[in-house]
Amino acid sequence: MNSAPPDSPPPAQSTLQQLEEGGALSQFASSIAHEVCNPLSQIVLATDLLAGPRPMTDDFRKKIITFLRQGAERIDKAMKSMLQTCAPIETSMVAADANALVEAALDSLTVDASVRVEKHFASNLSTILIDQKHMTEAMAGICANALDAMQPGGGTLTITTSAKVFTSSEREGWQRQSWFRAGDHAVVIEIADTGHGIHKSQMPLIFEAFYTTKTAGKGAGLGLTVAKKVVDLHHGRLEISNRPEGGVQAVLTLKSAAGPSNLDSQPLA
Ligand SMILES: Nc1ncnc2c1ncn2[C@@H]1O[C@H](COP(=O)(O)OP(=O)(O)O)[C@@H](O)[C@H]1O
Ligand SMILES: [Mg+2]
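In this report, we go over the structure that sits alongside the text. (Residues numbered from 1 in each chain as written. Chains lettered and ligands numbered in written order. Predicted model: local features only at pLDDT ≥ 70, side-chain atom pairs only at ≥ 80, totals over all residues. Heavy atoms only, no water.)

**Digging into the pairing of strand 8 (residues 237-242)**
Move 1: With six bridges connecting them, strand 8 and strand 9 (residues 248-255) associate as antiparallel partners. Residue pairing across strands places Glu239 opposite Val251, the latter belonging to strand 9. (Pairing = 2+ DSSP bridges. Helix = DSSP H or I, 4+ residues; strand = E, 2+ residues; numbered from the N terminus.)

Encoded structure:
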């Protein structure tokens, strides 16, 4: 039984360590190999063509060089993602405004003109205690998925913030990643899109490292893995579901910085 108080700072742990615990390390390694081997064969092929005896036009040569560059960029991207996954997530908590967090995440993204962004921000929110850099990245990853799912064609991204007071105790995850007790004050951020949604069979896989349904080079399959890890480190909750009217809804619940629970650090019974 884990007897650490719910509000004590969690130890820094990398996503890789988390994967190791979950027994998913071999899958991680094979995904990395796949991400590197495919573009590597592309590079070998292109180099052979360039070095070969066959005469070629300038145009063809340029095409091969572009092909080479694309392959190298894919490897570079895969390696950077891997480094990010292996790095321990060190948190530095500050009191922040949830509405400002959403704005910062949206500012870091390019929103296509075909997407309408609707913001329904509550004005009565208490502050949340977050690591600004990591939580902004997590939020941006969730919004980026919503934007991707609405292409081509566009749609509406609706972000709603609200205050919540828990009326009963709730906990989640075998390590009790999230703790909410009766009386806890929280902020809820809902990100809803009108995109293609998530197939029922894919739903259990979306938080897995390197799971992606996007074309090569478009998605590394780490956005939700890292977002979930960051939310867990905050003892928050991230729920993703299909909306009955179509599209996906992500609900992020984060404990308020000030509230009865922060004065009382007893673990859940
Ligand atoms: N809002 C969404 N709408 C539809 N599918 C989604 C949404 N969010 C996540 N997904 C699915 O979850 C997968 C994993 O997401 P993520 O970990 O961010 O990786 P990536 O975006 O690189 O594919 C996506 O490839 C997609 O299939
Ligand atoms: Mg993503």
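**Some points on the pairing of strand 9**
Move 1: Of all eight residues in strand 9, seven are buried, a share of seventy percent or more.
Move 2: Across seven bridges, the pairing between strand 7 (residues 185-192) and strand 9 is antiparallel. Considered in strand 9, the bridge of Ile189 is made with Leu252.
Move 3: Where strand 8 hands over to strand 9, the hairpin turn is made up of five residues, of which Gly246 adopts a positive phi near 105°. (Buried < 20%, exposed > 50% of the residue type's maximum accessible area, 1.4 Å probe, protein only.)

**Let's talk about the nonpolar core**
Move 1: Grouped together as the largest cluster of nonpolar side chains are 40 residues, with contacts concentrated most on Met135, Met139, Leu157, Ile159, Ile189, Ile191 and Ile240.
Move 2: Where this core is concerned, the elements lending two or more residues are helix 4 (98-107), strand 3 (128-131), helix 5 (132-149), strand 4 (155-165), strand 7, helix 6 (223-233), strand 8 and strand 9.
Move 3: At eight residues, the largest contribution of residues to this core is made by helix 5. (Core = buried A, V, L, I, M, F, W, Y, C linked by side-chain atoms within 4.5 Å.)

**Describing the sheet that holds strand 4**
Move 1: With mixed pairing, the five strands of this open sheet are ordered in space as 2-4-7-9-8. Looking at the sheet topology across the chains shown, the edges are occupied by strand 2 (115-120) and strand 8. Between one strand and the next, the sheet's axes are offset by a mean angle of 15°, whatever the strand orientation.
Move 2: As defined by bridge partners, strand 4 adjoins strand 7 across eight bridges and the pair is classed as antiparallel. By the bridge assignment, Thr160 is partnered in strand 7 with Glu190.
Move 3: The strands touched by helix 5 are strand 2, strand 4, strand 7, strand 8 and strand 9; relative to strand 7, the strand with the most contacts, the crossing angle is about 30°.
Move 4: Sheet strands touched by helix 6: strand 8 and strand 9. Its angle to strand 8, the strand with the most contacts, is close to 140°. (Axes fitted to C-alpha atoms, helices over the stretch in contact; angles between N-to-C directions. Contact = heavy atoms within 4.5 Å.)

**Quick notes on the packing of aromatic side chains**
Move 1: Under the defined criterion, the tally for this structure stands at one aromatic pair.
Move 2: Taking 4.5 Å as the distance between ring centres and 5° as the angle between the ring planes, the aromatic pair formed by Phe166 and Phe180 counts as stacked. Pair noted here: Phe166 is in the loop between strand 4 and strand 5 (170-172) and Phe180 is in strand 6 (residues 178-180), with a separation of 14 residues, a long-range link.
Move 3: Here Phe180 falls in the buried class, since its relative accessible area comes to 0%.
Move 4: The ring of Phe166 has Lys164 sitting right over it, with the charged end atom 4.6 Å from the ring centre. (Phe/Tyr/Trp six-rings, centres within 6.5 Å; stacked < 30°, edge-to-face > 60°. Lys NZ or Arg CZ within 6 Å of the ring centre and 35° of its normal.)

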